[in-house]
Amino acid sequence: MLTVKKVTKIFNPRTVNEKVALHDVSLTLKKGDFVTLIGGNGSGKSTLLNCIAGVYQADQGSIIINGTDVTRLCEYKRAALLGRVFQDPMMGTASDMGIEENLALAMRRGQRRSLRWGITNKEREYYKELLKKLGLGLENRLNDKVGLLSGGQRQALTLLMAIVKKPKLLLLDEHAAALDPRTAKMVMELTDIIIQENNLTTLMVTHNMRDAIKHGNRLVMMYEGQIILDIKYEEKQKLTVEDLLERFESISGEEFTEDRALLSKGD
Amino acid sequence: MLHILMAAVSLGLLWAIITMGVYITYRILSIADLTVEGSIVTGAAIAAVLITRGINPYAAIGFAFVGGMGAGLITGLLHTRLKIPALLSGILTMIALYSINLHIMGRANISLLKVDTAYTVFENMGLNTTTSVIVVGIIFVSCLIGILYWFFGTEIGSAIRATGNNPQMARAQGINTDTTIILGLMISNGLVATGGALIAQSQRFADIQMGIGSIVIGLASVIIGEVLFGKRNFASRLVSLVLGAIVYRIIIAIVLKLGMPANDLKLFTAITVAIALSLPVFSSYLATLKKSMKRNR
Ligand SMILES: Nc1ncnc2c1ncn2[C@@H]1O[C@H](COP(=O)(O)OP(=O)(O)O)[C@@H](O)[C@H]1O
Ligand SMILES: [Mg+2]
């Protein structure tokens, strides 16, 4: 479903600020794979997702989503294949527009936009049903501006917007990291349900080891712009935090310290 | 006094069209677009030249609209394709338009005293000039409110609103934000040029200088509308733009009547807008002041 082949991304090339954010990264996701992507602060997780989504163009290598080579495609064209949720709850929605308007924008992802009315009554009913499933009471607030919602509500809505068009690939970038622990838990549970129900191929960044182990069927770890671990299926099921720390240390040759990275054991 | 008031209302109605254009860039796209200062003259110039050549005044307004859209297109291309900051893109087009407008007119001003204008039909029905302008202004303004309300409710219009609100989100939802920005700028400047064409006909001349300060007047009208009539739904916001433009003209008429020299008008407008734009700062300052006073008590 996703093939990332030898992708390199260098920021500010040929300057003193040159930064190799991704170095020869290759990664293949099969249909239905739910990969948790973990790694310290600055290890290149977001850059990898941004290269897949087309926010940045890869300097080298190629990216193929569902058989389409998107390497040279711009961001808005790739959007048809993708669903995305960001770390910042502000980023995934238009705050001055209503809940239903945001959903309607998402519903038209990948379609040619015309002079037809931006939202139909039939859609409204559908959105009500979808929102009801979230259990947040948003189904009665279709016209409320998204700016009035809490961070957790916004992330839940963004998640819904990401999946209304059944994306080939769902990209989640620490989408629960900015929320308080209780809300984060709610959003993570919701994420699991939505991914299972829709059998979505997913790449989810987290800095929480426990979340990375608990969710998904594969765990990928990045370190300094490279993938250093890829733990799959049965092996992943048996994985513990201690295993993970041990394997990180033996590969990177560094001891894992809490303050060096945002990579937390979770609590 | 009544005559002064009527004149202010008539001028306000025409400036309401420009205000709508300014609103589209400033509030919907979140861009301060200085193209306005040039495209208002472009509209006036195109209309004046065509009307003096015997073209129907309403057709001339149509051409003015298209000319304004062209100006918006240039700014949009500079901004999106060449990645020049929006403010600078607008300034570049504005400067370029000064020469282009001179070329269109062939001289610095064109008189429309001896030709039929968009208002002549109503003057022939026995209305005086001011009333005719008010009638034409109301017709244009109400049609435009309807059209804009419809347009920004369509899929394309919603995409433009989303772009101004959160461009990252818009792109993630498959919206080509370059296209929506260009489109917004074109519609905005099309409206501004339409306003320019109507103003030139009401004052019966087109002048190369007539755009100076227009962006500030447009902003003043947008803000007055918001302050006085609130920011509720889109339809009422469109109406508030018109009321804002009219109130601005009435305020100007009053301060002139009170004896302020006409030369100080632009200074007065700039100060008004500066105060209005800084209102949020003052209100948050006042809120903190109140809080700390409560605490000290
Ligand atoms: N737009 C950018 N310009 C320059 N450097 C960047 C940019 N984005 C990320 N980087 C750098 O690339 C590295 C990887 O960043 P990122 O992918 O955001 O890490 P992560 O998401 O794993 O914390 C960091 O050193 C970061 O400073
Ligand atoms: Mg990151």
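Conventions and cut-offs
Residue positions are given per chain, counted from 1 along the sequence in the order it is written. Following the order in which they are written, the chains are lettered starting with A and the ligands numbered starting with 1. Residue-level local features of this predicted model are given only where pLDDT is at least 70; pairs of side-chain atoms are given and counted only at 80 or more, and the full residue set underlies all totals for whole chains, interfaces and linings. As a rule here, side-chain values come from all non-hydrogen atoms in the structure, and water together with hydrogens is ignored. Numbering of helices and strands starts at the N terminus; helices are DSSP runs of H or I of at least 4 residues and strands are runs of E of at least 2. Exposed residues in this analysis have more than 50% of their type's maximum accessible area, buried residues have under 20%, and partly exposed residues fall in between, with area computed by a 1.4 Å probe over protein chains only. Note on contacts: a residue pair is in contact if any heavy atoms of the two residues lie within 4.5 Å. Every accessible area reported is derived by Shrake-Rupley at a probe size of 1.4 Å, with residue values counting cover from the shown protein chains alone. The positive count covers Lys and Arg only, the negative count covers Asp and Glu only, and His and the chain ends enter neither. Note that the charge is assigned to NZ on lysines, CZ on arginines, CG on aspartates and CD on glutamates. We call a residue near a given molecule or strand whenever any one of its heavy atoms falls within 4 Å of it. Any pair of nitrogen or oxygen atoms within 3.5 Å is treated as a polar contact; in protein, a donor-acceptor pairing is required on top of that, and neighbouring residues in sequence qualify only through side-chain atoms on both sides. A side-chain nitrogen of Lys or Arg and a carboxyl oxygen of Asp or Glu constitute a salt bridge if their distance falls within 4 Å. Polar here means any residue other than Ala, Val, Leu, Ile, Met, Phe, Trp, Tyr, Cys and Pro, which are nonpolar, and Asp, Glu, Lys and Arg, which are charged; Gly is therefore polar. The criterion for strand pairing is that DSSP finds at least two bridges linking the strands in question. Angles shown run from 0 to 180 degrees and are taken between the N-to-C directions of axes, each axis being a line fitted to C-alpha atoms and, for helices, limited to the stretch in contact. Paired rings are identified among Phe, Tyr and Trp, the last through its six-membered ring, by centres lying within 6.5 Å, and are further divided according to the angle between planes into stacked (under 30 degrees), edge-to-face (over 60) and tilted (the rest). Side-chain atoms within 4.5 Å are what join buried Ala, Val, Leu, Ile, Met, Phe, Trp, Tyr and Cys residues into a set we call a nonpolar core. Assignment of crossover handedness uses the view with strands pointing away from the viewer, where a clockwise path from the first strand over the helix to the second indicates a right-handed crossover. Note that bend, as reported per residue, equals the angle between axes fitted to the 7 residues terminating at that residue and the 7 residues originating from it. Orientation is classified from the angle alone, with under 35 degrees giving roughly parallel, over 145 giving roughly antiparallel, 65 to 115 giving roughly perpendicular, and any other angle giving oblique. For every residue, the pLDDT score states the predictor's confidence, bounded by 0 at the bottom and 100 at the top.

A short note on the overall build of chain A
Broken down by element type, chain A carries 9 helices and 10 strands. C-alpha atoms of chain A, sized along the principal axes, occupy 60 × 40 × 35 Å. The 267 residues of chain A split such that 51% are buried. Intrachain contacts of chain A at a sequence separation of at least 6 include 65% that bridge at least 24 residues. Carbon and sulfur atoms form 48% of the exposed surface of chain A, whose accessible area is close to 12,600 Å². Of the side-chain charges in chain A, 39 are positive and 35 negative, and the distance between the mean point of each set is 9 Å.

What about the site of ligand 1?
Residues and elements named next belong to chain A. Gly42, Gly44, Lys45, Ser46 and Thr47 are the nearest of the 13 residues found near ligand 1. Within the backbone of Gly42, one N or O atom sits 2.8 Å away from an oxygen atom of ligand 1. Contact between ligand 1 and Gly44: an oxygen atom at 3.0 Å from a main-chain N or O atom of the residue. The protein chains hide 67% of the 560 Å² of surface that ligand 1 would expose on its own. Taken together, the elements giving at least two residues each to the shell around ligand 1 come down to strand S2 (19-29) and helix H1 (45-53).

Focus: the interface of chain B and chain A
Accessible area lost upon the coming together of the parts is a frequently used measure of interface size. Counting residues at the interface gives 21 residues for chain B, matched by 27 residues for chain A. Between the two partners, chain B and chain A, sit 4 salt bridges. Between Arg171 of chain B and Glu75 of chain A there is a salt bridge; the shortest N-O distance is 3.0 Å. Here chain B and chain A share 15 residue pairs in polar contact (both at pLDDT 80 or more) between them. Mapped by element, the contributors of at least two residues to the side of chain B that touches chain A are helix H6 (129-151), helix H7 (155-165) and helix H8 (167-172) of chain B. For the side of chain B that touches chain A, the element with the highest residue contribution is H7 of chain B, accounting for 7 residues. Each residue belonging to the side of chain B that touches chain A can be placed in one class, and the counts come to 9 nonpolar, 9 polar and 3 charged.

Section: the sheet that holds strand S6 (residues 82-85) of chain A
Residue and element names in this part refer to chain A. Across the sheet, 6 strands lie side by side as S6-S7-S8-S3-S9-S10; this open sheet has mixed pairing. Of all strands in the sheet, those with a lone pairing partner are S6 and strand S10 (226-232), marking the two edges. Strand-to-strand twist in this sheet, taken as the mean axis angle between neighbours without regard to direction, amounts to 15 degrees. Set on the sheet, H1 makes contact with strand S3 (34-39), S6, strand S7 (169-173), strand S8 (202-205) and strand S9 (218-223); between it and S7 the angle comes to about 145 degrees. Along the sheet, helix H9 (residues 241-252) contacts S9 and S10; its crossing angle with S10, the most-contacted strand, is approximately 145 degrees.

Section: the pattern of salt bridges
Overall, the coordinates contain 17 salt bridges over all chains when judged by the stated rule. For the salt bridge of Glu189 of chain A with Lys185 of chain A, the shortest nitrogen-to-oxygen distance reads 3.5 Å. Here the residue Glu189 of chain A and the residue Lys185 of chain A both occupy positions in helix H6 (residues 181-198), the gap between them amounting to 4 residues, near one helical turn. One salt bridge connects Glu123 of chain B with Arg204 of chain B, and the closest N-O pair in it is separated by 3.9 Å. Taken together, the residues Glu123 of chain B in helix H5 (residues 120-124) and Arg204 of chain B in the loop between helix H9 (177-203) and strand S2 (205-207) connect sequence positions 81 residues apart. Ionic contacts of the salt-bridge type, sharing partners, join the residues Arg108, Arg116 and Glu123 of chain A together with Glu155 of chain B into one network.

Examining the packing of aromatic side chains
Residue and element names in this part refer to chain B. All chains considered together, the criterion is met by 8 aromatic pairs over all chains. When the centroid spacing of 6.5 Å and the interplanar angle of 35 degrees are considered together, the rings of Tyr23 and Phe234 count as tilted. Taken together, the positions of Tyr23 in helix H1 (residues 2-28) and Phe234 in helix H11 (residues 234-257) put the pair 211 residues apart, joining distant regions of the chain. Each of the two residues, Tyr23 as well as Phe234, counts as buried. A connected cluster of aromatic rings, assembled from ring pairs, spans Tyr23, Tyr149, Trp150, Phe151, Phe152 and Phe234.

Description of the nonpolar core
If you look at the biggest cluster of nonpolar residues, it comprises 75 residues, and the most contacted ones within it are Met20, Val141, Phe152, Leu191, Leu198 and Val242 of chain B. If we ignore the near neighbours within four places in the chain, the residues touching Val141 of chain B are Leu13, Ala16, Ile17, Met20 and Val242 of chain B.

Here's the deal with the pairing of S8 of chain A
Regular strands place their side chains on alternate faces of the sheet. Residues and elements named next belong to chain A. Neither face of S8 is open: one carries Thr202 and Met204, the other Leu203 and Val205, and all of them are buried. In this sheet, S8 lies alongside S7 in parallel orientation, the contact comprising 4 bridges. In the sheet register, Leu170 faces S8, and the bridge partner there is Thr202. Following the chain from S7 across H6 to the adjacent parallel S8, one finds a crossover that is right-handed.

Regarding H1 of chain B
Ala16 of chain B marks the point of greatest bend in H1 of chain B, at about 30 degrees. One or two steps after H1 of chain B, the chain reaches Ser30 of chain B, where phi turns positive at roughly 55 degrees.

Quick look at the packing of H1 of chain B against helix H10 (residues 214-229) of chain B
Residue and element names in this part refer to chain B. Relative to each other, H1 and H10 sit at 85 degrees, their axes nearing to 8 Å. Relative to H10, H1 is oriented roughly perpendicular. Packed against H1, whose contacting residues are Trp15, Thr19, Val22, Tyr23, Tyr26 and Arg27, the element H10 presents Ser214, Ile215, Ile217, Gly218, Leu219, Ser221, Val222 and Glu226 at the interface. Here the residues of the contact of H1 with H10 are counted per class, giving 8 nonpolar, 4 polar and 2 charged.

With respect to the side chain of Thr35 of chain B
Residue and element names in this part refer to chain B. One can find Thr35 in the loop between H1 and helix H2 (36-52). With a relative accessible area of 0%, Thr35 lands in the buried category. When sequence neighbours within four positions are dropped, the list of residues in contact with Thr35 reads Ala71, Thr75, Gly90, Thr93, Leu97 and Asn189.

Digging into the side chain of Arg78 of chain A
Residues and elements named next belong to chain A. Examined against the element boundaries, Arg78 turns out to sit in helix H2 (residues 75-78). Salt bridges are absent for the buried Arg78, whose nearest opposite-charge side chain, Asp69, sits at 7.4 Å. Apart from residues lying up to four places away in sequence, Arg78 is in contact with Cys51, Ile52, Ala53, Gly54, Gln57, Ile63, Val70, Thr71, Arg72 and Leu73.

Digging into the confidence of the model for chain B
When pLDDT is averaged along chain B, the result is 94, and 99% of the positions lie at 70 or above. Taken over the whole predicted complex, pTM reads 0.93, whereas the ipTM for its chain interfaces reads 0.91.

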